Amino acid sequence: MKRTNNCGELRKEDSGKKVAISGWVHKYRNLGGLIFLDVRDRHGITQVVFDPKVLPDEIISKAGSCRNEFVVTVSGTVQIKPEPNKNLATGEIEINADGIVIENASVTPPFNFLNGKSDAKEESRLQYRFIDLRSEKMTNNLLIRHKVTMAVRNYLSDKGFIEIETPTFSKSTPEGARDYLVPSRLYPGMFYALPQSPQIYKQLLMVAGQDKYFQIARCYRDEDSRKDRQPEFTQIDIEQSFVSQDEIFELTEGMFRDLFEKAAGIKLKTPFERMPYQKAMDDYGVDKPDLRYGLKLKNVTDITRNSGFKVFSDAPCVKFLPVPGISEYSRKQISAIEDHAKHLGAKGLAFAKYIDGKLDGGISKFLSEKETSEIISRSELKENNGLIFFGADKEDMANKVLGGVRIKLAEELNLYDPEEFRFCWITDFPLFSYNEEEQRWEAMHHMFTMPKPEFLQDMIDGKNLEKILGQLYDLVANGVELASGSIRIHNSELQEKVFSILGMPKEEYETKFGAMLNAFRFGAPPHGGIAPGLDRLVAMICKEDSIRDVIAFPKAKNQNCMMMNAPSEVSQDQLDELFLEIKKH
RNA sequence: GGUCCGGUAGUUCAAUCUGGUUAGAGCACCUGCCUGUCACGCAGGAAGUUGCGAGUUCGAGCCUCGUCCGGACCGCCA
C-alpha cells in the first residue's frame, strides 16, 4: 500500500476521497467495538476510525494490536467527523479505514508526547533523540531552522553573494579558543585544526576577487558548553569587498527582516538602533544589553571618592542600580539577589530603600546628605519608592555584578514582553585590552579588525592603544549577541603592526598567518563582513532557552553525544597508523 | 578547575528537611469490559540494585564522604 497523502493535509473538501496515509501511531483509543488511531507524521495528525460493523475481524484485530509509535499505513475514505476536534488542523475529518498494514512495531517508547512536546527530561531526550525529534515542537524547530537558512541563501544570492565552502581541515592558530585537532596520518606528529570560524579563508576569498561571499559554516571551539554554546555550531558567514560598516548594517538588516518574515511571519522594524560600546557598558553594564526594559545603571564615582563610607571611598568605581517600586522587598528577597551578585563575583551587595523621597535602611545611614541627594537625583526614580543596589569595585566587576542583577530583576519583575524583538547594533568597540596578569595587550575581538580612521595613526605609532576604537560591531537582540563583524585590515604592514602590538614576534606571525600576510601583498581589496550565529538566531525565533533545542543532534554539557556514545576509544591499529600514544594519567 | 541544582518503576514525580510498617501516584505497559472517542472510560495486574561505592546508625531512598551521569552559573569562549 502506498500513501496518497501526508497526515496533516486532509480537509473537509477531501470528503469522499479514497486515500492512504502512513505514519506513527500517536495515540490509540479502543472502545471495544470502534477503534480510533491517531496517525502522525511530520506534517500533522489524522484520526482514523475502524468500524467493526463493516470490517472483517482480521483488520479489527490488527488495528487493535497497534500501540504507540507503531508505524502503519492505513487506507480508507475521508469523511466528515460528527464532532470536529478543534485541537487538530485535520480535526474536521477522519479516515474511515478499509485496510491497515503494520509496517513496523515498536517496543514501549521511553517517553510519549504531551502537548506536542516530549514528556521527558533532557537526559532521555538526548539519548533517544530520534524519538524526541518526532515531537511537534522539535519538528517545528527543525522546520524553522530550514526556513531561516533558505531565506538567508535566497536573500544573499539575490544580492549577488555566492556560497563557497571552505575547508574543515585547517591550520591551528592557538589564539582565541582551544582548537579541535585532527592528527595527520601522512605527517606523523602533525595536526590539522578544525576552524573556529572561516575567518582567514573568507578574507582570502576577498583577495581572490570573489567580491561577495557567504557560507552556512560549521565552526568548532573546544571550550566548555553553555545553553547558548556548543562545541560545534553554525555561523552565517558573510564577507564583501569594497564595503562600509553602514552597508553591512543595511545588508544585515534586510536579511533579518526577510528571514524573520519568512521563517516566523514577524515583521521587524529597520534600521536597528545603534549604541556605542561605552554607552552600553555605562548604562547596562554589559556589551549586549537587553533594551526591552530600562533599569539603567548610574555612576556616582565622582562624588563617592571622598565618602565617609569606606566601602565607597576605597572603591575605584561606584555604580548603582535604581529599581522602581519594590521598596517593600523582604530581607529574604534582597538576600536572594545578593546571593546572585556574589555568584557573579561580588563581595556583597549594598542596598538602600527609597521611601517617601528619602533613603532608608541598608547602607543609607553611612551616606552623607550630599551623597544621598545626588544618588536620589541621579536615580531618576519617579515613583516615591524603590530599591537601590550598589556596586563598589573595579569598574568591570561593578558592571558585571549590577548588569547581572539588572537582568535577574527584569526576569523576576516581568519587565519585558517575551514577544518583542529589540535589535541593536553595538558599535565602537575598543580594539585592544590590556591583560594585567599576562602583562600584554590582547585583541578584544579578533586581530584582523581595522581601526576607525581617526585612530589609524595612533595604531601605526603604537600609542594610546586602550583608546583605539575599531570598525567593529555586534548585533544584539533581547540581550543576546546574535552577530559579530568588522571591517578588516587588508594591508600587510598594518596587519603586521597589530601582530607586534599583541607581542607576537615576526617568526611567529609569519608561521601562523603567513598565507594571509602574503596574500595581502598581492592586491587585497578593502573588505569586511559579519557572522550571525544561526543556532542562537533560530533559538530566539523558536523561543527556546537553549540552542540544543534547535540542533538536531546536539552534544550534552560535557561535549558527549548521548545517543552515539561519542567520543569513544579507538583501536590500537588506528592509533599506530597515526603515530599516537595515549598517555596514562 | 570552581559553586549550585537534580538522579527513586519504562517515564514524569512524591516520600528526603524531621532516618523507623510492605517506597506511593499520573502516563506508558499487561489482562478483561466497553460502538463516537479525540489526553476515551471502567475494573484488575505487573513493574524498583532509590545512579554506583564506602561510612555513621539497632535501622539509610533520607545523614556523611567519594565517585559517575544530566543541567544552571563562574572561569574559559580571538
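Keep in mind the model is a prediction, meaning the values are calculated, not measured.

A word on the packing of aromatic side chains. Evaluation of the coordinates by the stated rule reveals 22 aromatic pairs. When the centroid spacing of 6.1 Å and the interplanar angle of 70° are considered together, the rings of Tyr-128 and Phe-130 count as edge-to-face. Pairing Phe-260 with Phe-423 gives two aromatic rings, centres 5.6 Å apart and planes at 85°, and the pair type is edge-to-face. Residue Phe-260 is found in helix α6 (residues 245–264), and its partner Phe-423 is found in strand β19 (residues 423–427); the two are separated by 163 residues along the sequence. Phe-260 sits in the buried class, given a relative accessible area of 0%. Among the aromatic side chains, those forming a connected cluster through ring pairs are Phe-249, Phe-256, Phe-260, Phe-272, Phe-421, Phe-423, Trp-425 and Tyr-473.

This part covers the sheet that holds strand β18 (residues 385–393). Strand pairing in a sheet takes place through backbone hydrogen bonds and is either antiparallel or parallel in direction. Strand order in the open sheet made by the 5 strands is β14-β15-β18-β16-β17, with antiparallel pairing throughout. What marks the edges here is a single partner per strand, and that holds for β14 (298–299) and β17 (358–360). When strand β15 (residues 317–324) meets β18, the two strands line up antiparallel, connected through 8 bridges. Bridge assignment links Leu-321 to a residue of β18, and that residue is Phe-389.

Attention now moves to unusual backbone geometry. Cis geometry marks the peptide bond from Thr-270 to Pro-271; its omega dihedral reads -5°. Secondary-structure assignment places Pro-271 in the loop between α6 and β13 (273–276). Across the junction of Ala-566 and Pro-567, the peptide omega takes the value 0°, indicating a cis bond. Here Pro-567 shows up in the loop between α16 (534–542) and α17 (572–577). Backbone geometry at Asp-211 places phi at a positive 65°, although glycine is not the residue there.

When the parts of a complex come together, some accessible area is lost, and that lost area is often used as the size of the interface. Looking at the assigned domains, one finds that chain A contains domain 1 (12–104), domain 2 (121–264 + 475–490 + 525–585) and domain 3 (293–412). Using only C-alpha atoms to locate each centre, domain 1 and domain 2 end up separated by 42 Å.

All right, on to helix α15 (residues 506–520) then. Between the first and last C-alpha of α15 there are merely 16 Å, a value that for 15 residues lags more than 12% behind the 21 Å anticipated at 1.5 Å per step. In the structure, α15 departs most strongly from a straight axis at Phe-513, where the bend amounts to approximately 85°. Considered for burial, the residues of α15 that qualify are Tyr-509, Lys-512, Phe-513, Gly-514, Met-516, Leu-517, Ala-519 and Phe-520. Taken together, the buried residues of α15 touch α5 (199–207), α14 (492–501) and β24 (527–532).

A word on the environment of Val-49. Locating Val-49 in the fold gives a position in strand β3 (residues 44–50). The buried category is assigned to Val-49, whose relative accessible area is 7%. Val-49 sits 45 residues away from Glu-94 along the chain, and the two C-alpha atoms are 7.0 Å apart. When near neighbours in sequence (up to four residues on either side) are disregarded, Val-49 contacts Leu-34, Ile-35, Phe-36, Gln-79, Glu-94, Ile-95, Asn-96 and Ala-97.

Here Ile-388 is to be found in strand β18. Residue Ile-388 is classed as buried on the basis of its relative accessible area of 0%. The spatial distance from the C-alpha of Ile-388 to the C-alpha of Lys-353 is 6.1 Å, given a sequence separation of 35 residues. Not counting the four nearest positions on each side in its chain, Ile-388 is found in contact with Phe-320, Leu-321, Pro-322, Ala-350, Phe-351, Ala-352, Leu-359, Ile-375, Ser-379 and Leu-381.

Time to look at the pattern of salt bridges. Evaluated as defined, the whole model comprises 42 salt bridges. The partner of Arg-536 in a salt bridge is Asp-228, and the shortest N-O contact between them spans 3.7 Å. With a gap of 308 residues between them, Arg-536 in helix α16 and Asp-228 in the loop between β11 (212–220) and β12 (232–241) connect regions that are remote in the sequence. Note on Arg-536: relative accessible area 23%, which makes it partly exposed. Across the salt bridge formed by Arg-488 and Glu-239, the nearest N and O atoms sit 2.8 Å from each other. Of this pair, Arg-488 sits in the loop between β23 (480–487) and α14 while Glu-239 sits in strand β12, and the two are 249 residues apart along the sequence. The burial state of Arg-488 is the same as that of Glu-239; both residues are buried. Salt bridges here are not isolated pairs; linked through shared partners, they connect Arg-125, Arg-129, Asp-132 and Asp-549.

Here the focus is the nonpolar core. Val-148, Phe-256 and Phe-423 are the most contacted members of the largest nonpolar core, which totals 78 residues. Sequence-distant contacts of Phe-423, that is, excluding residues within four places in its chain, are made with Phe-256, Phe-260, Leu-268, Phe-272, Glu-273, Leu-475, Val-476, Ala-477 and Leu-482. Grouped together as the second largest cluster of nonpolar side chains are 23 residues, Cys-7, Val-39, Val-72 and Ile-100 included.

In this section: a nonpolar patch on the surface. A cluster of nonpolar residues, Leu-186, Tyr-187 and Met-190, forms a patch on the protein surface that exposes about 360 Å² of accessible area. Mapped onto the elements, Met-190 comes out in the loop between β9 (181–183) and β10 (191–193). For Met-190, a relative accessible area of 48% corresponds to the partly exposed category.

In the neighbourhood of RNA strand B, 52 residues make up the surrounding shell, with Lys-27, Glu-94, Glu-223, His-445 and Lys-557 lying closest. Those atoms of RNA strand B that come within 4 Å of the protein belong to sugar or phosphate at a rate of 58%. One of the side-chain nitrogen or oxygen atoms of Lys-81 is found 2.6 Å away from a base oxygen of RNA strand B. Within the side chain of Asp-224, an N or O atom sits 2.8 Å from a base nitrogen of RNA strand B. Sorting the residues of the surface near RNA strand B by element identifies β1 (18–30) and α2 (122–127) as the ones contributing at least two each.

Parameters at a glance
Residues numbered from 1 in each chain as written. Chains lettered and ligands numbered in written order. Predicted model: local features only at pLDDT ≥ 70, side-chain atom pairs only at ≥ 80, totals over all residues. Heavy atoms only, no water. Phe/Tyr/Trp six-rings, centres within 6.5 Å; stacked < 30°, edge-to-face > 60°. Helix = DSSP H or I, 4+ residues; strand = E, 2+ residues; numbered from the N terminus. Buried < 20%, exposed > 50% of the residue type's maximum accessible area, 1.4 Å probe, protein only. Pairing = 2+ DSSP bridges. Domains from an automatic or database assignment. Expected span 1.5 Å × (residues − 1). Bend = angle between axes of the 7 residues up to and from the residue. Contact = heavy atoms within 4.5 Å. Salt bridge = Lys/Arg side-chain N within 4 Å of Asp/Glu carboxyl O. Core = buried A, V, L, I, M, F, W, Y, C linked by side-chain atoms within 4.5 Å. Patch = residues over 30% accessible without salt bridge, like charges linked within 9 Å, V, L, I, M, F, W, Y side chains within 5 Å. Areas by Shrake-Rupley, 256 points an atom, 1.4 Å probe, with all protein chains shown as cover. Near = heavy atom within 4 Å. Polar contact = N/O pair within 3.5 Å; in protein donor to acceptor, adjacent residues only side chain to side chain.

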